[in-house]
Amino acid sequence: MSGTVRLTLVSHAMTAAMSAGRFPIDEALNGLGHRQVIGAADVERLRKRLQVLIDEDLENDDPRRAQDRWMVLNVMLRDPEFMELLVNPALRSAVDAVLGDTSILYAFVTSSMPPTGTNYSHRVHVDSQRVIPGYPTNLGVIVAFDDFTDDNGATYFLPGSFASERVPTDEEFMANAVRAYPRAGDAIIFNARTWHLGGNNVTGSPRHAVTMNYVRSYMRQHFDFPRMIDPADAATIISSVHGSYEGCTSIRMYGKRGQRMDKKRKGEKEERADVCCG
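Rules of the game
Residues numbered from 1 in each chain as written. Predicted model: local features only at pLDDT ≥ 70, side-chain atom pairs only at ≥ 80, totals over all residues. Heavy atoms only, no water. Helix = DSSP H or I, 4+ residues; strand = E, 2+ residues; numbered from the N terminus. Buried < 20%, exposed > 50% of the residue type's maximum accessible area, 1.4 Å probe, protein only. Contact = heavy atoms within 4.5 Å. Areas by Shrake-Rupley, 256 points an atom, 1.4 Å probe, with all protein chains shown as cover. Core = buried A, V, L, I, M, F, W, Y, C linked by side-chain atoms within 4.5 Å. Pairing = 2+ DSSP bridges. Phe/Tyr/Trp six-rings, centres within 6.5 Å; stacked < 30°, edge-to-face > 60°. Polar contact = N/O pair within 3.5 Å; in protein donor to acceptor, adjacent residues only side chain to side chain. Salt bridge = Lys/Arg side-chain N within 4 Å of Asp/Glu carboxyl O. pLDDT = per-residue confidence, 0-100.

1. Observations regarding the overall build of the chain
A tally of regular secondary structure across the chain gives seven helices and nine strands. The buried share of the chain, reckoned over its 278 residues, is 52%. Taking all contacts inside the chain whose residues are at least 6 apart in sequence as the whole, residues at least 24 apart take part in 84%. When the accessible surface of the chain is summed, it comes to about 12300 Å², and 50% of that surface belongs to carbon and sulfur atoms.

Have a look at this one:
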């Protein structure tokens, strides 16, 4: 991937692992908390391909999916080029620092805001229902394809809320939330238990982004990706990025050594998350 842009760390949503410095160790964070990730040319290419998928959905509108308009589910299956983000070294090392190197993909959706509108993320919510002190189970990754602004629906986060079992009222949330302003190509990494809300886009242009949710290896995925994905597509994309293909482990559809990791640990219950970040 050509060029570089930035990875933004949402400090109030960071886990203890991130705060302790076990975040991508290839370079030090600068004063703004940014890290280089992907190139502007790739951002523009993926942005255009994302709009094509959205247009296809809008042309074949299904009333049963009204709340999901402008949100493409399983985007990497609709267009394998989005698999590039699943093998991005900076993003993978960020996830590994918190969840370990056996973490797997729970969901991969687009989180674009339509012109003069919003999407299903426009409500106070979390992407993980489980609270275990000091033990995050889900990590959210939002990759922006446009600059986030107040006018186009920048996401609100409630600082420190990932550690609380209490559900904030809408009034409490709005009084204390802060907004994240990634630039096109930046990624926001956050504890998926953090209460957040997608904003409202009052501009005449769409604001594009994608969201990935990663979970512990014993947790159930939103869809059965290993059986849904075409191995040939995975091989082609990974080879183009890395020059080789060593099975599905590098995109974490499976656990280590290609093993399926869909069995829960003894005594652990499966968790389903609600992924719709704005």
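From this point on, the discussion continues.
2. Concerning unusual backbone geometry
At Asn74, a position not held by glycine, the phi torsion is positive, near 50°. One can find Asn74 in the loop between helix 2 (40-59) and helix 3 (75-78). With a relative accessible area of 8%, Asn74 lands in the buried category.

3. Remarks on the environment of Leu91
Assignment of secondary structure puts Leu91 in helix 4 (residues 89-99). On the basis of relative accessibility, which here comes to 5%, the residue Leu91 falls in the buried class. Linking Leu91 and Ile38, residues 53 residues apart in sequence, is a C-alpha distance of 9.8 Å.

4. Remarks on the nonpolar core
Grouped together as the largest cluster of nonpolar side chains are 31 residues, with contacts concentrated most on Phe82, Phe108, Val141, Val143, Phe145 and Met212. Secondary structure elements with two or more residues in this core: helix 2, helix 3, helix 4, strand 3 (104-110), strand 4 (138-144), strand 7 (187-191) and strand 9 (209-215). Of the residues forming this core, the biggest block, five residues, is contributed by helix 2. With residues near it in sequence (within four places) discarded, Val143 still touches Ile38, Leu91, Asp186, Ala187, Ala209, Val210 and Met212.

5. A short note on the sheet that holds strand 6 (residues 178-179)
What the three strands build is an open sheet, ordered 6-5-8; its pairing is antiparallel. The open sheet terminates on both sides in strands that have one partner only, identified here as strand 6 and strand 8 (196-197).

6. A word on the pairing of strand 7
Judged by how many residues are buried, strand 7 sits mostly within the fold: five of five residues are covered. Burial of strand 7 is two-sided: the residues Ala187, Ile189 and Asn191 facing one way and the residues Ile188 and Phe190 facing the other way are all buried. Relative to strand 7, strand 4 runs antiparallel, the two being bridged by five bridges. Bridged to Leu139 within strand 7 is Asn191.

7. Considering the packing of aromatic side chains
Applying the stated rule across the entire model yields two aromatic pairs. Ring centres of Phe82 and Phe145 lie 6.5 Å apart, and the angle between their planes is 40°; this geometry places the pair in the tilted category. In this pair, Phe82 sits in the loop between helix 3 and helix 4 while Phe145 sits in the loop between strand 4 and strand 5 (156-157), placing the two residues 63 residues apart along the sequence. Each member of the pair, Phe82 together with Phe145, is buried. Ring centres of Phe157 and Phe190 lie 5.2 Å apart, and the angle between their planes is 65°; on these two criteria the pair is classed as edge-to-face. Of this pair, Phe157 sits in strand 5 while Phe190 sits in strand 7, and the two are 33 residues apart along the sequence. The two residues Phe157 and Phe190 agree in class, both being buried.

8. Observations regarding the side chain of Asn201
Relative to the helices and strands, Asn201 is located in the loop between strand 8 and strand 9. A distance of 2.7 Å separates the side chain of Asn201 from the side chain of Thr203, its partner in a polar contact.

9. As for the pattern of salt bridges
All told, the structure shown has 11 salt bridges when counted by the stated rule. Asp146 is the salt-bridge partner of Arg47, the closest N and O atoms lying 2.7 Å from each other. Within this pair, whereas Arg47 is found in helix 2, its partner Asp146 is found in the loop between strand 4 and strand 5, the two being separated by 99 residues in sequence. Grouping residues by exposure puts Arg47 and Asp146 together as buried. Between Arg179 and Asp150 there is a salt bridge whose closest N-O contact spans 3.2 Å.

10. Some points on the confidence of the model for the chain
Counting all residues, the mean pLDDT for the chain is 74, and 68% of those residues have values of 70 or more. Across residues 11-34 the pLDDT falls below 50, and counting only partners more than four positions away or on other chains, this stretch makes 47 contacts in the model.

11. Things to note about the environment of Ile54
Following the sequence through the fold, Ile54 ends up in helix 2. On the basis of relative accessible area, Ile54 is assigned to the buried category, the value being 1%. Sequence separation between Ile54 and Thr110 is 56 residues, and the spatial gap between their C-alpha atoms is 9.1 Å. For Ile54, the contacting residues outside a window of four places in its chain are Trp70, Val72, Ser112 and His208.

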